[in-house]
Every structure is written in structure tokens, then in C-alpha cells.
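Report on the structure
If you want the building blocks of each chain, they are given just below.
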Amino acid sequence: MSSTPKTNQVSSGWVNGLAYLGSGFIGFLSSLGRAAIFILSLLPAMPSALWRFELLIKQVYFAGVLSLPIILTAGLFVGMVLTLQGYNVLVDYNSAEAVGAMTALSLLRELGPVVAALLFAGRAGSAMTAEIGLMKSTEQLSALEMMAVDPNKFVFAPRFLATVIALPLLSLLFIAMGILGGYLVGVGWLGVDEGAFWSQMTSHVDWQEDAVNGIIKSIAFAFLVAIIALYQGYDAMPTSEGVSGATTRTVVHASLGVLGLDFILTALMFN
Amino acid sequence: MSRQKIVEVWVGAFVLMSLIALSVIAFKVSNYQGLQERATYEISGLFSNIGGLKVRAPVKISGVVVGRIKSIEVDAKTYQALVKMDIYQDFNQLSSDTSGVILTSGLLGDQYVGLEPGGSDELLKNGDRLELTQPALVLEELIGQFLTKFSGDTSKP
């Protein structure tokens, strides 16, 4: 008789564990569903966002131009460090000239799109989530709806399009700055022959396979970051904790999403 | 200047900078040839071994690039590698007995096709096939040959 309550306790522990797992999974599924509905409701608003040119330009300014300092500085240093590290290995094989090709390939294929997207998620994505979360908590979104203005057209679609425009451009600038950094360190500091540096680069880097694939990656990352940042803002609890939590989730989810998607795209493109 | 105007100027500068970056990547960093696509004609050759030859690898005469590899496939009849090459129209004076050989740039470099023009009066035309080809030298085979020769020599009394 005395063992019955113990068994009950054990079984209720199991049941609680299962319930916890189940509720977590249902929560995950329902948030996926809400995200899907959000994206579908956003689609019809896209064309009108293109027509509201002033709103779009303003968002490109906030997302793109204001991210320039961090992107350009990071690109320069990433290129410099890549060249420095690559040179140390390649000089042992008497092929120090190939350092330019190595830097350009790493930047075009991986680091340009990925690091630019990570920095963008931290700089502009989080700002976007916080802005929309705050709009929600101060009931500005409801106010727009009250005035028969569709928030999808005025708030979400311009930001989405601005991200899709700005991030690939930022990636291009990141890559160009990285190559400039590589040139400064390789040719200016380490004394690699300038002609060989550029000619090795052009002979190894293929426009279609490396450059265009890198740009396609960047566009895919832009879609991902835009969807996550906007959805987290849209789905945030309208409290200060809710908004701060959503901002954190944007950075975490977008960064992990970019890295995961990068693996899938690399496997598809370069295998 | 109004605030909207300043924003527009900045976005314009941003887009302009990105376009410059794109053209630097296209013309200075990669082998983009979209604007300087030259007229070509196609020739092909059967090789018993292509080694590590890849599509878009260069075709050279005396070290000068005269074309690119268009495609590599297995010939259904001979089961040899059928390599199709696009040769620039400027080099349309190649004799019909031109031979092709797969070479390696440097010891560990990429492989390319080297053409050796012959002495025939007839010229190669679009769609022609090279009669004389020489396969790639595969390092493992060379070492294998060397080893068999070496062991053969020592076994002799």
C-alpha cells in the first residue's frame, strides 16, 4: 500500500515531462504557423510598398546606410586578417601570390554573405524588431488599423523590401572592402608581387560560380533576416520585457538561421 | 536641404558605392566576360584520360589562351572522354591535323588543353574532331610505371 503514492509520483513526473515536451512542440508549431500566416499576409502588400517610394527609401537608409560603418570596417579587417593568416601558410609552399585568390574566394563564397548577414541581423534586424515591438506596445499598429490603414503596407512591406535591397548591397561592399584590406596587407605590407596578386585572383575566381552564387546566398539571407526580424516584432508581447526578449530572439534566430541556411546553400551550390 | 532629400542622397551614394563594388568584383577580381564575349567555333577531341580537366579550363596554343573547355562527357561508342572546346574565332586558321594534349600548369596547377598545330592545308571547321590526342599524365601512373621498372631492373640477375 505504501508504494502506491510513490508510483503515482513517478508516473506524474513522467507525465509532466511528456506534457512539457508536448506543450513546447505545440508552441513551436503554432509559432511556425503564425509566422507562415504573417508571411502570406505580407505578400499582397509587396507591390504597394514598391509604389510608396519615399517610405522604401527611408527604410533603405535606416537598414543600409546606417549599417555602412560597421560593414565597411568589419570587411576591411576580415580581409586583412585572412590575408595575413593565408600568407603564413602559403609562403611555406612558395605560393604566396595565391593569397589574393584565397582571400577573394573565401570572401565571395562564404565570409562576405555570411558575416554581412550576421552583422546586419545584429545592427539593423534587432532595431527593426525593437521598433515594431514598440509600435505594437504603444498600440500604433492598432491605431493604423483603426484609421483603415493596412500596417502590412505601411510598416512591414517597406521594411521587408528595404532589407532585401540593402543586405546584398552591403555584402558586395563588405567583399570589396575585404579585398582592399587583403591588398593592403598582402601587397603593401608583406610584399607580394602586385601583378601576380591580381592575376592569380582573376584566374581562380569564377564570375558565375563564385561571385553570382555569393550574391544569391546574400539575397537568401536577406529574406531570412527580414522575415525573422519583422515576425519577432509583430509577435512580441507588448511589454518592455516582451520587446527586449523579441529583440534578443531576432539576433539569435537570425544568426543561427543564416549559418544553417549557409550550410544548405553551400551544399547545393558548390558540391 | 529637406530631411527626405538628405536621406535620398545618402541612399543614392550607398547604391552607387555598391555598383562600384560590383564592377570591381566583376572586372578586377573574377573572370567575368559578359561584355567581352568573343565569337567562337566548336571543336572536340576524344581523350583516354582527362585527369583533373574541368569545364571552362583554358585551351592554349604555345601557352596563349585561344579558347575554353565547353563540356566534358563520355562518348557513347568509344567510352572515352569527349571534350568539346570553344575556340575564339580569331584563331580559325588551325590545320585539320592539329593535335591536342592535356597538360598541367606547374607541378600542382590546374589542367588545360594544349593544341599543337600541324602542317595540313585543310583547316579545322566548326564541329570538327581532333584526330590526334594525348591523355593527361597522371602522377600515380607515372610513379607506378617507375616502380615497376625499378623492381623489374633489380629482379634481373
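It should be emphasised that the depicted structure is a prediction, and the values quoted were computed from it without experimental measurement. (Residues numbered from 1 in each chain as written. Chains lettered and ligands numbered in written order. Predicted model: local features only at pLDDT ≥ 70, side-chain atom pairs only at ≥ 80, totals over all residues. Heavy atoms only, no water.)

1. Some points on the sheet that holds strand 8 (residues 132-134) of chain B
Residue and element names in this part refer to chain B. Taken in spatial order, the 8 strands line up as 7-1-4-3-2-6-5-8 in an open sheet, and their pairing is mixed. With partners counted over all chains shown, the strands left at the sheet margins are strand 7 (129-130) and strand 8, one partner each. When strand 1 (residues 40-47) meets strand 7, the two strands line up parallel, connected through 2 bridges. Of the residues in strand 7, the one forming a bridge with glycine 45 is leucine 130. (Pairing = 2+ DSSP bridges. Helix = DSSP H or I, 4+ residues; strand = E, 2+ residues; numbered from the N terminus.)

2. Focus: the confidence of the model for chain B
All names here are of chain B. On average, residues of chain B carry a pLDDT of 84, and 90% of them reach 70 or more. Of all secondary-structure elements in chain B, the lowest mean pLDDT belongs to helix 2 (residues 139-155), at 77, while strand 4 (residues 81-88) reaches the highest, 91. The ipTM value of the predicted complex is 0.82, and its pTM value is 0.78. (pLDDT = per-residue confidence, 0-100.)

3. A few points about the packing of aromatic side chains
All names here are of chain A. Counted according to the given criterion, the structure contains 10 aromatic pairs over all chains. Seen from their ring centres, phenylalanine 38 and tyrosine 234 are 4.6 Å apart, and the 25° between their planes marks the pair as stacked. Linking phenylalanine 38 in helix 1 (residues 3-42) with tyrosine 234 in helix 9 (residues 207-235), this pair joins segments that are 196 residues apart in sequence. Look at phenylalanine 38 and you get buried, because its relative accessible area is 2%. Centroid distance phenylalanine 160 to phenylalanine 223: 5.6 Å. Interplanar angle 70°. Geometry classified as edge-to-face. (Phe/Tyr/Trp six-rings, centres within 6.5 Å; stacked < 30°, edge-to-face > 60°. Buried < 20%, exposed > 50% of the residue type's maximum accessible area, 1.4 Å probe, protein only.)

4. A few points about the domain arrangement of chain B
Assigned domains of chain B: these are domain 1 (1-30) and domain 2 (40-140). A C-alpha centroid distance of 43 Å is found between domain 1 of chain B and domain 2 of chain B. (Domains from an automatic or database assignment.)

5. Remarks on the pattern of salt bridges
All names here are of chain A. One pass over the structure, following the stated rule, counts 8 salt bridges over all chains. Its salt-bridge partner being arginine 34, residue aspartate 235 comes within 3.0 Å of it at the nearest N-O pair. Pair noted here: aspartate 235 is in helix 9 and arginine 34 is in helix 1, with a separation of 201 residues, a long-range link. Residue arginine 159 is joined to glutamate 131 by a salt bridge in which the shortest nitrogen-to-oxygen separation is 2.9 Å. Placement of arginine 159 in helix 7 (residues 151-189) and of glutamate 131 in helix 5 (residues 99-137) is noted, with a sequence separation of 28 residues between them. Judged by relative accessible area, glutamate 131 falls into the partly exposed class, the value being 35%. Through salt bridges with shared partners, one network takes in Arg109, Glu209 and Asp210. (Salt bridge = Lys/Arg side-chain N within 4 Å of Asp/Glu carboxyl O.)

6. Considerations on the interface of chain B and chain A
If you look at the interface, chain B gives 22 residues, while chain A gives 29 residues. Here chain B packs against chain A, burying approximately 2200 Å² in sum over the two surfaces, 80% of which is carbon and sulfur. Looking only at chain B, the three residues that lose the most surface to chain A are Phe14, Ile25 and Val29 of chain B, adding up to 28% of its buried area. Applying the counting rule to chain B against chain A returns 0 salt bridges. For the pair chain B and chain A, the interface holds 1 residue pair in polar contact (both at pLDDT 80 or more). Grouping the constituent residues of the side of chain B that touches chain A by class yields 13 nonpolar, 4 polar and 5 charged. (Contact = heavy atoms within 4.5 Å. Buried area = accessible area lost by both parts, 1.4 Å probe. Polar contact = N/O pair within 3.5 Å; in protein donor to acceptor, adjacent residues only side chain to side chain. Nonpolar A, V, L, I, M, F, W, Y, C, P; charged D, E, K, R; others polar.)

7. Looking at helix 3 (residues 53-63) of chain A
Considered for burial, the residues of helix 3 of chain A that qualify are Leu56, Ile57, Gln59, Val60, Tyr61 and Ala63 of chain A. In this structure, the buried side of helix 3 of chain A is in contact with helix 2 (46-51), helix 5 and helix 7 of chain A together with helix 1 (3-29) of chain B.

8. Looking at the packing of helix 7 of chain A against helix 1 of chain B
In the contact formed by helix 7 of chain A and helix 1 of chain B, the axes pass within 9 Å of each other and the chain directions differ by 50°. One element, helix 7 of chain A, and the other, helix 1 of chain B, form an angle in the oblique class. Between helix 7 of chain A and helix 1 of chain B lies a crossing of left-handed hand. Judged by residue contacts, Ala166, Leu169, Leu170, Leu172, Leu173, Ile175, Ala176 and Ile179 of chain A of helix 7 of chain A engage Phe14, Val15, Met17, Ser18, Ala21, Leu22, Ile25 and Val29 of chain B from helix 1 of chain B. Residues of the contact of helix 7 of chain A with helix 1 of chain B, tallied by class, amount to 15 nonpolar, 1 polar and no charged. (Axes fitted to C-alpha atoms, helices over the stretch in contact; angles between N-to-C directions. Parallel < 35°, antiparallel > 145°, perpendicular 65-115°, else oblique. Left-handed = near helix turned anticlockwise from the far one by under 90°.)

9. A few points about the packing of helix 5 of chain A against helix 9 of chain A
Residues and elements named next belong to chain A. Helix 9 packs onto helix 5 with a crossing angle of 15° between their chain directions and a minimal axis gap of 8 Å. If you check the angle between helix 5 and helix 9, you find them roughly parallel. Relative to helix 9, the crossing made by helix 5 is right-handed. Split by residue class, the contact of helix 5 with helix 9 holds 15 nonpolar, 7 polar and 7 charged.

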